Amino acid sequence: MTDHDITPDTGSLPVPGSEGFSEAEAAFISEMGSLMERWGLPQATGRLFGYLLLRNKPVDLDTMTRELGQAKSGLSVAARQLEAWALVRRSTRPGSRRIDYEAVGDLQHLLLVNNAHMRKFTETLSSGIPVARGEARDRLASLAGLFSGYVEQTEALVAAWEARRAAS
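Residues numbered from 1 in each chain as written. Predicted model: local features only at pLDDT ≥ 70, side-chain atom pairs only at ≥ 80, totals over all residues. Heavy atoms only, no water.

A. Examining the environment of Ala44 more closely. Within the element layout of this structure, Ala44 appears in helix 2 (residues 43-54). Separated by twelve residues in sequence, Ala44 and Met32 place their C-alpha atoms 9.4 Å apart. If sequence neighbours within four positions are ignored, Ala44 has contacts with Gln70 and Ala78. (Helix = DSSP H or I, 4+ residues; strand = E, 2+ residues; numbered from the N terminus. Contact = heavy atoms within 4.5 Å.)

Spelled out as structure tokens, the structure:
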């Protein structure tokens, strides 16, 4: 075992040590795992996302395995899940078959990914309106309206932010 092995008694928190995890970094990685678990993803997927957010350059599965102390197969699954959520992107190095992963760092991208999920949620809520009756119908219509407005406002926020950034 290395000082970066995942230990069950710390909630699968990477152990600070020679590979460069400070206590604050390890706590951030763990918290990201807990957050994404609440979103329906495995905690390991969230921890990998937290780890990748702290990285300054793309990283391959062998490095992830060594630094996080988790199985390569599990990290591969987690990386694919993050890629499906458009939270990470993969790349290859010229002359190498290794795949590197990096967190997508654009806030507007993350908001738009979230909007895609909210849009689908809104569509699903809306599909229930015609079959619901009474208070349930009103509740579904209200929720669908709320989330539709959320998506519209977020898209407007991103457009305004991008315009300000382009003007700078």
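B. Looking closely at unusual backbone geometry. One non-glycine residue, Ala86, adopts positive backbone phi at about 60°. With respect to the element layout, Ala86 can be found in the loop between helix 4 (72-84) and strand 2 (88-92). Classification of Ala86 as partly exposed rests on a relative accessible area of 26%. (Buried < 20%, exposed > 50% of the residue type's maximum accessible area, 1.4 Å probe, protein only.)

C. Quick look at the layout of surface pockets. When its volume is computed, the largest pocket comes out at roughly 270 Å³. Those elements that provide at least two residues to the lining of the largest pocket are helix 1 (23-38), helix 2 and helix 5 (107-128). The biggest single contributor to the lining of the largest pocket is helix 5, with five residues. Of the residues assigned to the lining of the largest pocket, the class counts are ten nonpolar, two polar and no charged. (1 Å grid on protein atoms, 1.4 Å probe; cavity = no way out; pocket = protein on both sides within 12 Å on 5 of 7 lines; lining within 4 Å. Points joined across faces, edges and corners; volume = space filled by probe spheres on them. Nonpolar A, V, L, I, M, F, W, Y, C, P; charged D, E, K, R; others polar.)

D. Molecular detail of helix 3 (residues 61-68). The complete set of buried residues in helix 3 reads Leu61, Thr63, Met64, Glu67 and Leu68. Looking straight down helix 3, one finds that the buried residues subtend no more than 160° of arc, so they occupy a single side. At its buried positions, helix 3 is contacted by helix 2, strand 1 (59-60), helix 4 and strand 3 (99-103). Capping the start of helix 3 is the job of one residue whose side-chain oxygen sits 2.9 Å from the backbone nitrogen of Asp62: Asp60. (Arc of directions from axis to C-beta. Polar contact = N/O pair within 3.5 Å; in protein donor to acceptor, adjacent residues only side chain to side chain.)

E. Broad picture of the pattern of salt bridges. In the structure shown here, the tally under the stated rule is ten salt bridges. Note that Arg38 is salt-bridged to Glu31, the shortest N-O span being 3.8 Å. Glu102 serves as the salt-bridge partner of Arg89, at 3.4 Å between the closest nitrogen and oxygen. A residue pair is termed long-range when its members are at least 10 positions apart, and Arg89 in strand 2 and Glu102 in strand 3 qualify at 13 residues. (Salt bridge = Lys/Arg side-chain N within 4 Å of Asp/Glu carboxyl O.)

F. Here's a closer look at the pairing of strand 2. The pairing of strand 2 with strand 3 spans five bridges and is antiparallel. Following the sheet pairing, Val88 is matched in strand 3 by Ala103. (Pairing = 2+ DSSP bridges.)

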